[in-house]
Structure formats: C-alpha cells, structure tokens
Amino acid sequence: MSLSAAALAAVPSCATKPFQSRDEFSGGTIPKSPRPGPAEASSVSPMGDLIERILPGHANDFIIQTISAPEGENVFEVGSQDGKIVLRGDDTLSQAVAFNWYLKHDAFIDVSWYVDDAVNVPPKLPLPSKESRKTAKIKYRFFLNYCTFGYTMPFWRWRDWERGIDWMALNGINLPLAQTGNEYIWQKVWREHGLSDEQIRAYFTGPAYLPWHRMANIDKWGGPLPQSYIDGQRDLQMRILARERQLGMSPVLCAFAGHVPEALKLTGPKMKIQRIPPGWGGFSDNYGCWILDPLDPKFKEIQVKFLQEQQKEYGTSQYYAADPFNEISPPSWDPSYLASVSRAIYSGMAEADPDAVWLQMAWTFQGREQWTDERLSAMIDAVPQGRMALLDYFCENRELFRETNAFYGAPFFWDYLGNFGGNTSLVGPIGKIDRRLTAVMNDPTLTNFIGVGATLEGFNNPVVYEMLFDRVWSGTNLDLEAWMRDEACARAGGPDANVEQAWDILRRKILVDVNPIGGHGVIFQDSNPTLRGDTDDGLPFEIAYDNTDLIQAWGLLLQAGSAARKSSAYQRDLVDVTRQALGNIGLTLRQRMAAAYDRKDAVAFKAAAGRFMELGNEIDEFLGSRTEFMLGKWINDAKSWAADKSEQAYFERDARGIITVWGGDLTDYAGRQWNGLMRDYYLPRWQLLIDATLAELNGGKPVDRQELQRQWRDHDLRFASSAGGNYATKPHGDLFSASRALFKKYVREEQLTAGIFPPLIVRQSTAPGK
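Definitions and limits used
Residues numbered from 1 in each chain as written. Predicted model: local features only at pLDDT ≥ 70, side-chain atom pairs only at ≥ 80, totals over all residues. Heavy atoms only, no water. Salt bridge = Lys/Arg side-chain N within 4 Å of Asp/Glu carboxyl O. Helix = DSSP H or I, 4+ residues; strand = E, 2+ residues; numbered from the N terminus. Buried < 20%, exposed > 50% of the residue type's maximum accessible area, 1.4 Å probe, protein only. Phe/Tyr/Trp six-rings, centres within 6.5 Å; stacked < 30°, edge-to-face > 60°. Lys NZ or Arg CZ within 6 Å of the ring centre and 35° of its normal. Core = buried A, V, L, I, M, F, W, Y, C linked by side-chain atoms within 4.5 Å. Contact = heavy atoms within 4.5 Å. Lys, Arg positive; Asp, Glu negative; His and termini not counted. Axes fitted to C-alpha atoms, helices over the stretch in contact; angles between N-to-C directions. Parallel < 35°, antiparallel > 145°, perpendicular 65-115°, else oblique. Left-handed = near helix turned anticlockwise from the far one by under 90°. Expected span 1.5 Å × (residues − 1). Polar contact = N/O pair within 3.5 Å; in protein donor to acceptor, adjacent residues only side chain to side chain. Pairing = 2+ DSSP bridges. Nonpolar A, V, L, I, M, F, W, Y, C, P; charged D, E, K, R; others polar. pLDDT = per-residue confidence, 0-100.

Visitor: So what exactly am I meant to see when it comes to the pattern of salt bridges here?
Guide: Once the charged atoms of two side chains with opposite charge are near each other, the side chains can pair. On inspection of all chains with the given rule, the structure shows 51 salt bridges. A salt bridge links Asp 504 to Arg 508, with the nearest nitrogen and oxygen atoms 2.8 Å apart. Here Asp 504 pairs with Arg 508, and both are found in helix H18 (residues 497–510), just four residues apart, close to one helical turn. One salt bridge in this structure joins Arg 572 and Asp 576, with 3.0 Å as the shortest N-O distance. With Arg 572 and Asp 576 both in helix H21 (residues 568–598), this residue pair falls four residues apart, about one helical turn. Using a relative accessible area of 10% as the deciding quantity, one classes Arg 572 as buried. Here the salt bridges share partners, and the residues they tie into one network are Lys 188, Glu 192, Arg 234, Asp 235, Lys 305, Glu 309, Lys 312 and Glu 313.

Visitor: Would you take a moment to explain the packing of aromatic side chains for this structure?
Guide: Any two aromatic rings considered together are summarised by their centre-to-centre distance and by the angle between their planes. Enumeration over the complete set of coordinates arrives at 52 aromatic pairs. Where Trp 113 meets Tyr 114, the ring centres are 6.4 Å apart and the plane angle is 80°; that geometry is what we call edge-to-face. Clustering of aromatic rings is evident, with ring pairs tying together Tyr 151, Tyr 209, Trp 212, Trp 221, Trp 280, Phe 283, Tyr 287, Trp 363, Phe 394, Phe 420, Trp 662 and Tyr 669. Just above the ring of Trp 641 sits the side chain of Arg 157; from NZ or CZ to the centre is 3.8 Å.

Visitor: Explanation requested: the nonpolar core in the structure shown.
Guide: Looking at soluble globular proteins, one finds that nonpolar side chains tend to be buried together. In this structure, Phe 99, Phe 143, Trp 161 and Trp 554 are the most contacted members of the largest nonpolar core, which totals 252 residues. Sort the elements by how many residues they give to this core and H21 lands first, with 13 residues. If sequence neighbours within four positions are ignored, Phe 99 has contacts with Met 47, Leu 50, Ile 51, Ile 54, Leu 55, Phe 62, Leu 87 and Leu 170.

Visitor: Explain the side chain of Asp 526 to me, please; I cannot follow it from the model alone.
Guide: Position of Asp 526 relative to the elements: it lies in the loop between H18 and helix H19 (547–557). Although Asp 526 is buried, it forms no salt bridge, and the closest oppositely charged side chain is Arg 590 at an N-O distance of 4.9 Å.

Visitor: Explain the packing of helix H15 (residues 430–441) against helix H16 (residues 462–471) here, please?
Guide: How two helices pack is summed up by the angle between their axes together with the distance between the axes. Between H15 and H16, the least distance of the axes is 10 Å, while the angle of their chain directions is 20°. The angle between the axes of H15 and H16 places the two elements in the roughly parallel class. For the pair H15 and H16, the crossing hand works out as right-handed. Only Val 464, Met 467, Leu 468 and Arg 471 of H16 make contact with H15, whose side of the interface consists of Ile 430, Ile 433, Asp 434, Leu 437, Thr 438 and Met 441.

Visitor: What's the story with helix H11 (residues 297–314) in this structure? I'm lost.
Guide: In a regular helix each residue adds 1.5 Å, so 18 residues correspond to 26 Å; H11 covers 26 Å between its end C-alpha atoms and thus fits that length. Buried residues belonging to H11 abut helix H6 (182–192), helix H9 (227–246), strand S7 (253–254), strand S10 (290–292), strand S11 (319–321) and helix H12 (335–352). Regarding H11, its N-cap is Asp 296, as a side-chain oxygen of that residue lies 2.8 Å from the backbone nitrogen of Lys 298 further along. Looking one or two residues past H11, Gly 315 carries a phi angle of roughly 70°, positive in sign.

Visitor: Looking at this structure, how should I read the pairing of strand S5 (residues 140–143)?
Guide: On a regular strand, one side chain projects to one face of the sheet and the next to the other, so that they alternate. With burial as the criterion, each face of S5 is covered, one bearing Tyr 140 and Phe 142 and the other bearing Arg 141 and Phe 143. In the sheet, S5 pairs with strand S15 (residues 449–454) via four bridges, with the strands oriented parallel. Residue Phe 142 lies in a different strand from S15, and its bridge partner there is Gly 453. Strand direction decides the pairing type here: S5 and strand S6 (residues 175–176), joined by two bridges, are parallel. For Phe 142, the partnering residue across the bridge sits in S6 and is Leu 175.

Visitor: Before we go on, may I ask you to explain the packing of H19 against H21 in this structure?
Guide: Running from N to C, H19 and H21 point in directions that differ by 145°, and their axes come no closer than 9 Å. As H19 runs across H21, the sense of the crossing is left-handed. The segment H19 lies against H21, with Asn 547, Leu 550, Ile 551, Trp 554 and Leu 557 engaging Tyr 570, Asp 573, Leu 574, Val 577, Thr 578, Gln 580, Ala 581, Leu 582, Asn 584 and Ile 585. Taken together, the residues of the contact of H19 with H21 break down into ten nonpolar, four polar and one charged.

Visitor: I keep staring at the side chain of Asp 654 and nothing clicks. Help me out?
Guide: Counting through the fold element by element, Asp 654 comes out in helix H24 (residues 645–658). Despite being buried, Asp 654 has no salt bridge partner; Arg 653 is the closest side chain of opposite charge, sitting 8.9 Å away. There is a polar contact of 2.8 Å between the side chain of Asp 654 and the backbone nitrogen of Ala 208.

Visitor: Explanation requested: the confidence of the model for the chain in the structure shown.
Guide: Taken residue by residue, the chain gives an average pLDDT of 91. The fraction at 70 or more is 91%. Confidence drops under a pLDDT of 50 for residues 1–16, and excluding neighbours within four residues, the segment shows 30 contacts in the predicted structure. Low pLDDT, under 50, characterises residues 752–770; the stretch is placed with 49 contacts to residues that sit more than four places away or in other chains.

Visitor: Honestly, the sheet that holds strand S14 (residues 412–416) in this entry has me stumped. Any pointers?
Guide: Pairing between the strands of a sheet is mediated by backbone hydrogen bonds and can be parallel or antiparallel. The eight strands are arranged S6-S5-S15-S14-S13-S12-S11-S7 in an open sheet whose pairing can be described as parallel. Only two strands of the sheet have a single partner each, and these edge strands are S6 and S7. Across two bridges, the pairing between S7 and S11 is parallel. Within the sheet, the bridge partner assigned to Leu 253 lies in S11 and is Tyr 320.

Visitor: Just checking my understanding: could you explain unusual backbone geometry for this structure?
Guide: Leaving glycine aside, a negative phi is the common case for residues, and trans is the common case for peptide bonds. For the bond from Gly 223 to Pro 224, the omega torsion is -5°, close enough to zero to count as cis. Here Pro 224 lies in the loop between helix H8 (210–214) and H9. Non-glycine residue Trp 662 carries a positive phi angle of around 60°. Topologically, Trp 662 is positioned in the loop between H24 and helix H25 (677–697). Judged by relative accessible area, Trp 662 falls into the buried class, the value being 2%.

Visitor: In this structure, what is going on with the sheet that holds strand S8 (residues 259–260)? I would like to understand it.
Guide: What the three strands build is an open sheet, ordered S8-S10-S9; its pairing is antiparallel. Two strands bound the open sheet, and with one partner strand each, they are S8 and strand S9 (273–275). Note: S8 against S10, two bridges, orientation antiparallel. Residue Val 260 lies in a different strand from S10, and its bridge partner there is Trp 290.

Given below as structure tokens:
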C-alpha cells in the first residue's frame, strides 16, 4: 500500500523499483521518496485538508478509510455510514478520486483546474445515492508538458498552483511534471564553473520562454531573466512539491541532458562543447544552443552536481525528465554517439541517485526518417531495462509505439496532447481517444504499456482531459455516452435535459476525430488576412463539422435551468460554445465581403466589412465575462512578478510576446481568442485589409499585399513590444444575457436547421475602428 507523506518519516529507505512490464510490475506501488528533503511537508489528514479547500466547512461530513486493493491495482469506494459520506481508497490519491466521484455523481459539482472558478457548495451535502467501487490497473498517470510551463503557468502564483494540484489529485494524477524553479539550481551549478550571475541570467530566456530553453531549443531570447523571478520560482517550487508529495504524488524533476551556456567555453576551455545546429523555430544563430560532448568527463560531473543541488533544495521522488535533441538535430547521427548520450545522462543520474528513473518524451522521435530503428533503439537500449520510460506524447494523432516495436520493449505511456500553444478552439477527438486507449489497455501483448498521460501544451477543453483520466478507472470498456451524460449533469449542477442534450451533440458532432487538434483558430485570427481561402500562415480556421450543429448545442445551453446558470463549469461551457460558434459565423460574413468585392460593389463591401468587424468586436467584448479568456488577467499576473515598477514593462512584454509574435517564425503559434487580444491585436489586421480594399473599389490602386504584409508585421511587433493599455482584469457583464443577445442577433431560430444566417443589413455606420 502506498503511504501518505505524513508516514514517510517512519519508512526505512529502500530502493525504487524500476518500471517493468505490467505482469512483472503487478503488486508494485508508485514509489515514494526515501529522501524527501526540506521541500517535504506533512499533514495529519491530507484528505481532510483537500476536502476543506474544495468544500469549506464540510470536512467533518466525510469519513476517510484506507482499504486494500487487488494485486497490482488501485481501488476506491464511495458509500455512506451514520449520516456521513464515506470515501475509501488504497492510498491518498485513490481517496481523492473517490471524492471527485462523489462530487460529480452525487453533489453534481465539477471542480475546475482554475482557482477563479468558484465551487458552489450546497449548505447540506447529499449522501451518495448508491455504493460505488472502481479499480484501476494502470497505476501510472502522468500530467503536463514542458510547454505548459510557458503557455499556461509561467506567471502562476501559489493560489493558482494550489487549485491546479487539487485538480490533479481529484483526477488521480501521480506523476506530475515539476519544472518550476530549475533556474535557481542551475545558477548554483554554473557559478561553481566560474560564470557570473550576469552571464547566467543572460543565458536564460524570459519567463514564458523557459520551457524551450530547458529543452535546448533557444538561449538568451527575452533575457536576462530577473533574479527576482529566479528566487520567487524557487520558493514557489518548494510549496508545489510539498503539496504534491502530501497528496501522494511523485513529482518528475529535471536532469541534465548536455545543454550548457556558451560562456562555459571561456571558463572551461578544455571542455568539448559543440554548437547544436542552429535555426530552431526560425531563430537566428545568436539564440542557438550548445551541448557538452557526452564523453567529456565533465558531463557526468555536471549531472551529479546538478542533481545533488536539486536534492538539497527540492528532495527527490526518483523520477527525472531529460530530453536531448527535442526538435533539433544531434551533432552526430551515429548510433554509437546517440547511445553514448543516453549512457552519459543515465550514469550521472544513477551516481547521484541510485534509484533514478528517466522519463523521456517520445515527441523527440517523431521524425522517423532520421530516427531510424537503429538509431532510436541504440539510444533506448543504452539505459538499463526499466530505468527509462517513453512518453508517447501525441497518441491521438500518431501512436509511435506501433512504429517502433513498442519502443523495443522499454516501458511506455499512452499520452493525449490535445492542443498546441494553448489555442482556444473547441476541439478534442473524445471518441478516438476512448477507442485507442481502450485498445491499448486491453491488448495483452503490450506488457510494457504502463501508464496514461496528458501532455497538453496549454490548458483548454477540460472535459476531454477529465475523460482521459476517468477512462483508467472504467474497466474493459467505457460507455462514453453515459459518461458524457454524467459529466453534463456535474457541469450543470444537477440533471438538466438541455445541457445533457447539448453535450451529447458536442460529443457526437463537434469533438470529432478529424477536427484538427493541433494549432487552430477562427477567421478573425488570420495572420495574413484574405477574402478567400487559407493563406497557410498562422492558425488554420476551417472546421470539420457543420456549424449548425454547434449552434444547436448553443441554443440548448441557453435553455438550461437556473441551477445550471449558477455553475461555473456551465458558464465556462456557454462562453466557449458561444465564442466558437460566432467565430465560425465569421467565415460566412467573410464570404459576403468576398462576394461584394467580386461584384465591385463598394457599398455592399463596406456593409459586409462593417458586419464582420462588428462581430469580431462583439466576440472580444463577450470574452471579458470569464477570466480565462482575458488578456488583462494574463498581463496582470505577469506584472505581479516584477520586483519593482521598472520590471513591470519587462514582464508585460514577455507575456504579450509568447501569445502573439513568439519569436523566429512562430507568429500566432500560441494564438488565443481573448478579450483585449481580439480587439487590439487580431482585428486591426483585418481593418488594414478592409481599408485597402475599399480604396481600390472606390477607384484607388489595387490592393498591394506586399505592403499590407509589411504593415501587419509592424503592427504585430508594436503590439508585442508595448506595455500598458486599458485591459480589464476582472470579468464583467452578464454572460448569459450577453450570449442570448448574440444568439438572437446572429442566429434566427427558424433558420437554424437550414443553416442560414441572418441576411446582411446594410448599415450607414462604418466598421468599428475606422
């Protein structure tokens, strides 16, 4: 049985069992740290604390019991006793999953991963309607992606992390990636190699770009990194790790994969330091990275020193993430060289921590024309069996384990990625995820399949991720229709036929297999606006479903009862569906602009353009009703990390840049449909095109797209490098009334089934912003 953090002090030190096959591993446990370090915290009742955070004042309404699980499994039960709710589980996390089951199925409460989403707590909690028992054979559940620390979490404070960790516990996650505060440790290491703090901070990138620095993609971009941020992230990491361990998780910390500062060539001239082929993401050579030859004796020395310093500050759970050559070419493709890299990384890990287990993301190996069987197997086989596990990062799109003989026998995780850059589009192939994961879970030949994970680049579409982790507890097969019905009830605060029907439509017709799950936006976000087609620049905006189906779901959500309207989860769903449906309608309005242009009808074009821009501005205003869709909240969170007023502009530019121009040739990769961002970043591009087109239709010069592209780029860079602006930081307006008004304005009930949108009304007013 796994032990709570409170009991760790009484546990004698013992070696961590490596990842093995499911058959060999049966009966094992997620190992806990025998060397928790100063970051460890204890609690008399971790579950009592969790319940009190979610349902203040109700911890005494619950009885928490520990039970034995079937061999090689986790188990939870929900029941009642003497007028109290009973949560049973074989460890703290199983008990937390039991709590979540009760919340969703009996109290009809969905707990968000965002702290600003309030939990509606009833004055009296209902007793469970029936006894429930669930088991899970897949005992490893991984969460997060390096990129999430740039696209969602770079400016989080403890209150954000506290809710995020609670969400992880409720969903049974036991292997969370824990990358916060790395730079504090590296600063200590590089100081010992003769680098000054100025050199070290200049080597680091800006806060939101640190994930790609950690993966050896870019150095220096947006630096030097403020010392206040380095120190503040260290303090935050201490609290993150304490809480994760308290709840029974084993955080996955960082290890050295060879990436070193260029300045190390001066202080260590005998080191064999090579340039990684530059050009990642279109960045210039100035921002390229350097790698230490794995055969250099300093390689192991640096690995050991880093891990020892990390253990002093953060303790260890024996799990380490190290990912050489992510989206870059190694200095050599010779299999013996690649094996030497793996051997050097792991041998240093093992010297510092004999129980070390290495988690390697398989995303690195997507390019199979380079990563041949010979090369990839050489890298994997260089590590002792069970001491490296592969995270198959993008299984909803491509199951790499099926192309590599199941990673040549190494343990692996099936992972759902779900989005690139934290784009806000309503996507997620929920049926495909269920089918693929079910096939893997029931395949007796995949004995080295050991875990499930969510490797999301940014937070969006939470329902799909919650289904992923619920699937682990659902046995041989999941009744997805029933699961979605239960989820809809939880999100609506209770049974609601309209909300249930809306989510059934979303499941069957919107969250479909073929809808793009990578970068995606709406027409208003086009980085190279045109009246027809898709320019292949920026975010694609075509949809793989009929928008009338989404509009039907929208209409049903608007018919929800009063209980649903009080639920934060329902409110989020209504905003998300409204946003996406209106964004899709933008395609129809663009067609009207194009038709007017073809007729050379300046009056009609001006009217169509006015309607198009009006819709874009109304979407922008509507998005201000939820904090997760607000640019002002993002910027304000970033500025909160400034040590003084002089640093505020630095943090704001960092926050603006990552979601707009990014850097290199990655403009709009992390595009968001956010209040403030639509109005001031995306829509001005369209206004430039509209003005140029109107000038042409009124007898002026033909539209000069080359000149427009220059103007668009100038606009993008000005926005990204600016600071200030009047952006709301708190939600405003009645989102239900606003959504209903937009529905009435843009969708007529009698036209819904035919998919016909309201006829264009020629207005005398010009487009907003002219």
